[in-house]
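One letter stands for each residue in the lines below.
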Amino acid sequence: MSFLANLSIRTKVVTAFFLVLVATGGLGLFALDRLHAVNDNAAKILVNWLPAVRDLGKVGTLTEQFRTRSILPLVAATAEEEADAEKRAAELKGERDKAWSAIAQQASSADEKQFVSEIAADWAVYIGIYDKAVAALRQGHHDEAAALLEKDGLAAMTTLRTSTTKFIDYETDHAFDQGYTGVDIYDASVVWVYGALGV
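Quick caveat: nothing in here was measured; it's all calculated off a predicted structure. (Residues numbered from 1 in each chain as written. Predicted model: local features only at pLDDT ≥ 70, side-chain atom pairs only at ≥ 80, totals over all residues. Heavy atoms only, no water.)

**A look at the overall build of the protein chain**
Rules: Secondary structure elements are taken from DSSP: a helix is a run of H or I of four residues or more, a strand is a run of E of two residues or more, and numbering for both begins at the N terminus. In this treatment the radius of gyration is a C-alpha quantity, and the globule benchmark scales as 2.2 Å times the residue count to the 0.38 power. A simple rule labels every residue: compare its accessible area, found with a 1.4 Å probe on the protein chains alone, to the largest value its type can have, and call it buried under 20%, exposed over 50%, or partly exposed in between. Any two residues having at least one pair of non-hydrogen atoms within 4.5 Å are treated as being in contact. In these tables, accessible area is a Shrake-Rupley quantity obtained with a 1.4 Å probe, and a residue counts as shielded only by the protein chains included in the view. Positive charges are assigned to Lys and Arg, negative charges to Asp and Glu, while His and the chain termini are left out of the count. In plain terms, the charge of a residue is placed at NZ if it is Lys, CZ if Arg, CG if Asp and CD if Glu.
Of regular secondary structure, the protein chain possesses five helices and zero strands. The N-to-C order of helical and strand elements in the protein chain reads α-α-α-α-α. At 31 Å, the protein chain has a C-alpha radius of gyration far larger than the 16 Å of a compact globule built from 199 residues. With the C-alpha coordinates of the protein chain rotated into their principal frame, the extents come out at 110 × 25 × 20 Å. Every one of the 199 residues in the protein chain was classed for burial, and the buried ones make up 29%. A separation of at least 24 residues holds for 78% of the contacts in the protein chain among residues at least 6 apart in sequence. Surface summary for the protein chain: the accessible area is close to 12,700 Å², and the carbon and sulfur share equals 63%. Treating the 19 positive side-chain charges of the protein chain as one cloud and the 27 negative ones as another, the clouds have centres 8 Å apart.

**As for the packing of helix H2 (residues 9-71) against helix H4 (residues 110-138)**
Relative orientation and spacing of two packed helices are given, respectively, by the angle between their axes and the distance between those axes. Put simply, the rule reads: Where helices are involved, their axes are fitted lines through C-alpha atoms of the stretch in contact, as for all axes, and angles between N-to-C directions lie from 0 to 180°. Should an angle fall under 35 degrees it is taken as roughly parallel, and over 145 as roughly antiparallel, whereas 65 to 115 is taken as roughly perpendicular and any remaining angle as oblique. Under this grouping Gly is polar, as are all residues other than the nonpolar Ala, Val, Leu, Ile, Met, Phe, Trp, Tyr, Cys and Pro and the charged Asp, Glu, Lys and Arg.
Contact pair H2 / H4: the axes reach a minimum separation of 12 Å and the direction vectors enclose 10 degrees. With respect to H4, the axis of H2 lies roughly parallel. Across the interface between the two elements, Trp49, Thr63, Phe66, Arg67 and Ser70 of H2 pack against Glu112, Trp123, Tyr126, Ile127 and Tyr130 of H4. Its residues assigned to classes, the contact of H2 with H4 comprises six nonpolar, two polar and two charged.

**Side note on the pattern of salt bridges**
Our working rule: For this analysis, a salt bridge means a side-chain nitrogen from Lys or Arg found within 4 Å of a carboxyl oxygen belonging to Asp or Glu.
Overall, the coordinates contain six salt bridges when judged by the stated rule. Of the charged contacts, one joins aspartate 55 and arginine 54 as a salt bridge, the two residues approaching to 3.0 Å between their closest N and O atoms. Its salt-bridge partner being arginine 88, residue aspartate 84 comes within 3.0 Å of it at the nearest N-O pair. Of this pair, aspartate 84 and arginine 88 both sit in helix H3 (residues 79-106), four residues apart, which is roughly one turn of that helix. Salt bridges linked by common partners bring Lys93, Arg96 and Asp97 together as one network.

**Things to note about the packing of aromatic side chains**
What counts is decided by this rule: For Phe, Tyr and Trp, rings pair up if their centres lie within 6.5 Å, where Trp contributes its six-membered ring, and each pair is then called stacked (planes under 30 degrees apart), edge-to-face (over 60) or tilted (otherwise). As a reminder, the over-ring test applies to NZ of lysine and CZ of arginine, requiring each to be within 6 Å of the ring centre and within 35 degrees of the ring normal.
With the rule as written, the count across this model stands at six aromatic pairs. When the centroid spacing of 5.4 Å and the interplanar angle of 50 degrees are considered together, the rings of phenylalanine 115 and tyrosine 170 count as tilted. Of the two residues, phenylalanine 115 sits in helix H4 while tyrosine 170 sits in helix H5 (residues 142-198), which places them 55 residues apart along the sequence. Both residues of the pair, phenylalanine 115 and tyrosine 170, count as buried. Each member of the aromatic cluster is reached from another via a ring pair, and the members are Phe66, Trp123, Tyr126 and Tyr130. The cationic tip of arginine 96 hangs over the ring face of tryptophan 123; the distance from NZ or CZ to the ring centre is 3.9 Å.

**Things to note about the nonpolar core**
Selection rule: Among the buried residues, those of types Ala, Val, Leu, Ile, Met, Phe, Trp, Tyr and Cys that are joined through side-chain atoms within 4.5 Å form a nonpolar core.
Within the largest apolar cluster, 35 residues are counted, with the highest numbers of intra-cluster contacts made by Phe66, Trp100 and Phe167. Elements supplying a minimum of two residues to this core: H2, H3, H4 and H5. Apart from the residues within four sequence positions on either side, phenylalanine 167 is in contact with Leu56, Trp100, Ile103, Glu112, Phe115, Val116 and Ile119.

**Considerations on H3**
The condition that has to hold: A helix is expected to span 1.5 Å multiplied by its residue count minus one.
The terminal C-alpha atoms of H3 lie 41 Å apart, and with 28 residues this matches the ideal 40 Å at 1.5 Å per residue to within 8%. Taken together, the buried positions of H3 are Glu82, Ala85, Glu86, Ala89, Leu92, Arg96, Ala99, Trp100 and Ile103.

The following block contains the structure:
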């Protein structure tokens, strides 16, 4: 105490100002670091998870559209209508495959690659059934083609839908987890800041 009592008022004021400056600077740097962490989490949601959910939704929609188109040759009244239906289905398949290729290339984690592998296999099964149905239809075996698409095709499409839904759920859950992590970082930062101000 005698040491502090012997200090001049000027020294005390300068020292107090310096300590406040250091404390303020420290809080500022801490706040910037936590803000960066929150921003990093938001960026991961924006760049990784949300686009994946959007793109998978697009692939799911194109898959369902192809399923509908793949049945149209069965109800075609003429050979020309049948050929046109097959052409439109092929165009839709190409669009779906292009969108899927982009997703497959972006898969980075082991889980994502596993989902990609499963969905690709399920899609190949359905396309194999569709090709057999088209071949049967071209040979005039209408009932055989209808049975393939309505029975085996439906079963394959159901499996494909399940795999796609699981992948979408996986990406969605990770987006939520990333968002909740940002919330936790913010809450913890508030506690630390108020605690430091209280001290």
